[in-house]
Amino acid sequence: MNEITLIDVLGTEIDEVVDTVQLKLESNKIYQHIHILDEREKEVIIGRFGLDQDKEKTQREIARELGISRSYVSRIEKRALMKLFNEFYRTKQAQGR
């Protein structure tokens, strides 16, 4: 039989669809907790992960925009991701009780 699948209609690989859906879910999680970050951390995370409906930016691009070094962007990103991770974990623990 010659069945048409959703992938045929979309014209993309299944892995790309799964990645896109996963990214949307992760983006929603980040948005739910982004309020815990300070303004600079928000700028870095939004830029790095393309959360403003823009393409993902490199650390170098963000550094140029903010007028800081790439290594400082890296430190800000790591700190922000740790805050988000801890918030996800804390929220998940609270929901499990």
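As the structure is a prediction and not an experimental result, all values here were calculated from the model.

S.K.: Could you give an account of the overall build of the chain, naming the residues involved and the relevant values?
M.R.: When its secondary structure is counted, the chain shows 5 helices and 0 strands. Secondary structure of the chain in N-to-C order comes out as α-α-α-α-α. Here the chain holds 97 residues, and the buried ones make up 25% of them. For the chain, the proportion of contacts with a sequence separation of at least 24, taken over those separated by at least 6, is 48%.

S.K.: Explain the UniProt feature "domain: HTH cro/C1-type" (unreviewed entry) in the chain residue by residue, including any values.
M.R.: UniProt feature "domain: HTH cro/C1-type" (unreviewed entry): in the numbering of this structure it lies at residues 58-78. End C-alpha to end C-alpha, residues 58-78 measures 14 Å, and it is 81% helix and 0% strand.

S.K.: Just give me the short version of a positive patch on the surface, but keep the residues and values in it.
M.R.: Taken together, the side chains of R60, R64, R70 and K78 define a basic patch exposed on the protein surface. For the positive patch, the secondary structure elements donating two or more residues are α4 (59-66) and α5 (70-96). Mapped onto the fold, R64 is located in helix α4.

Criteria and thresholds
- Residues numbered from 1 in each chain as written.
- Predicted model: local features only at pLDDT ≥ 70, side-chain atom pairs only at ≥ 80, totals over all residues.
- Heavy atoms only, no water.
- Helix = DSSP H or I, 4+ residues; strand = E, 2+ residues; numbered from the N terminus.
- Buried < 20%, exposed > 50% of the residue type's maximum accessible area, 1.4 Å probe, protein only.
- Contact = heavy atoms within 4.5 Å.
- UniProt positions renumbered as here; feature names shortened; annotations may be inferred.
- Patch = residues over 30% accessible without salt bridge, like charges linked within 9 Å, V, L, I, M, F, W, Y side chains within 5 Å.
- Areas by Shrake-Rupley, 256 points an atom, 1.4 Å probe, with all protein chains shown as cover.
- Salt bridge = Lys/Arg side-chain N within 4 Å of Asp/Glu carboxyl O.
- Lys, Arg positive; Asp, Glu negative; His and termini not counted.
- Charge placed at Lys NZ, Arg CZ, Asp CG, Glu CD.

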